[in-house]
Amino acid sequence: MGPACWVALGSLLALGALLEGRLVGEGDAGFGECDRFFYAETPPAGLAAEGHVKICQRSEGAERFATLYSTRDRIPVYSAFRAPRPAPAGAEQRWLVEPQIDDPNSNLEEVTQEADAITAVDNLGSKQALNTDYLGSDYQRGQLYPFSLSSDFHTAIFTLTNAAPMTPTFQERWYMNLNSLMDRALIPQCGSGDDLYVITGAVPSDIKVRDKVTVPKFVWLAACCAVPGGGWAMGFVKHTRDGDVIEDVMVKELEKLLPFNPQLFHNNCGETEQDTEKMKKILEMVNQVQDEERGVQSKESASPVPSTRSQGSALLPPEASEEGTSFSRKLVGFIATPFVKLFQLICCLVVGILKNTVYLLWYVTKQVINGIESCLYHLGSATISYFLAIGEELASIPWKVLKVIVKVIRAILRILCCLLKVVCRILGIPVRVLVDVATFPVYTMGAIPVVCKDIAMGLGGTISLLFDTAFGTMGGLFQVVFSVFKRIGYRVSFDNSGEL
């Protein structure tokens, strides 16, 4: 056995040891230790039904994501995960099965290769899809939790419990949509992405592959950002019909499209505290993703010859080599792989440079157009505002004139009212008072001479009285003096006569 075979075998054994799964018992309310992949550690309510199996997908002793699997349709109902990150390149894919789904008493590892389980498990494939179900069909194994969104090495080994039938074109666009939404819309608007809860699911149709595995009618994605004070919730739907682009819907609208009308997030992802501004930014990026997908579809429809694998197809997992391939073919493939990868890398670089150049030109053109639109918008707004102001002033002139006229009329009415009051007051005064008022000047002028005469007579009487008083007083004094002297003289004469 050559070195290449030993390397491939060693890698296969190492990779097979990385992934393990755990079937959750029917009696368990949730997904056990995988409840942390759900918002508020609460799985969606209403989607679990008869024939559904709960799987906690584990790797290296740690939980990676949770899956609700339908044994009737043989496709997952949904897969739930958190904080997706870019996957490492160069990992080789191996598809594995869950033996305990078909045989709960099986002693095999819960995730193993189909070839090892065929001989050890009775009725393998009676309740789950197998690799042989896809051989010779037009469908590939499309993952609900794509390997391109996980940084875990175990995702290079896919379980069929995470896969549903998809056409190559639909699978390529589905992966391209998921990566674009995660990288450009959902994670940037949810902080570091650690609080982002994502659920991807599939709704079955009436079409089946080999009358066993049900083809999805459409696939969906629901995201809940639980950042405190800035959370949000969004939903997306992509129909499997050709030409349909991914659609953005509210989570409540998405729940109405799903069977049994479930509730995907507990308490609707805290809808009372959701940030509408972040949701608007997400919708803007979603519109760009939709426009890009429409552009890719138009280019593909316009091209008569199918081109080589597009850039989005780089996200698709490589199909496993067919069984029974000879060792020489494997050796040639092992030697040619580096050159093929180098050629693919050069092509990707050239495509990336061209794409980035186109994006740069488109961005510059868009910025110029936005600048011109902004200038025209501001100019138009200023012109409209100017004419509106002039129109308002012109329209207000008649109103102002009317207000002035009303004020003048009110003043005239007030003057007339005052005059009327004066007339009423005048008419209300008695005639005698009016006669007295009218004759008051005549009586006043006629009384002046009489008053002057009375004043003069008063003054004359006063002066006469003063003179009479003065003369009377003096006469009295003379009489008193004369009486005194007369008495004194009589006594003297009497005394003298006695002496004699």
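Remember, it's a predicted structure, so these values are computed and weren't measured experimentally.

Colleague: Break down the overall build of the chain for me, with residues and values.
Modeller: From N to C terminus, the chain includes 9 helices and 12 strands. Counting all 500 residues of the chain, 34% fall into the buried class. The contacts of the chain with a sequence gap of at least 6 include a subset with a gap of at least 24, amounting to 66%. Within the structure as shown, the chain displays about 30,800 Å² of accessible surface, and the carbon and sulfur contribution to it stands at 64%.

Colleague: Account for the pattern of salt bridges, with residues named and values stated.
Modeller: Taken as a whole and assessed by the stated rule, the structure comprises 12 salt bridges. A salt bridge links arginine 241 to aspartate 244; the shortest N-O distance between them is 2.9 Å. Close ionic contact of lysine 280 with glutamate 277 constitutes a salt bridge, the shortest N to O distance being 4.0 Å. Remark: glutamate 277 and lysine 280 occur in helix 7 (residues 276–302); sequence separation between them is 3 residues, near one turn of the helix. Here the salt bridges do not stand alone but share partners, grouping Glu33, Arg36, Arg58 and Glu63 into one network.

Colleague: Explain the confidence of the model for the chain to me, using residue names and the numbers behind them.
Modeller: In this model, the chain carries an average pLDDT of 80, and 82% of its residues clear a pLDDT of 70 or more. For the stretch residues 1–19, pLDDT sits under 50, and the model shows 23 contacts to residues farther than four places along the chain or on other chains. Taken as a whole, residues 305–326 scores under 50 in pLDDT and shows 29 contacts with residues more than four places along the chain or in a different chain.

Conventions used here
- Residues numbered from 1 in each chain as written.
- Predicted model: local features only at pLDDT ≥ 70, side-chain atom pairs only at ≥ 80, totals over all residues.
- Heavy atoms only, no water.
- Helix = DSSP H or I, 4+ residues; strand = E, 2+ residues; numbered from the N terminus.
- Buried < 20%, exposed > 50% of the residue type's maximum accessible area, 1.4 Å probe, protein only.
- Contact = heavy atoms within 4.5 Å.
- Areas by Shrake-Rupley, 256 points an atom, 1.4 Å probe, with all protein chains shown as cover.
- Salt bridge = Lys/Arg side-chain N within 4 Å of Asp/Glu carboxyl O.
- pLDDT = per-residue confidence, 0-100.

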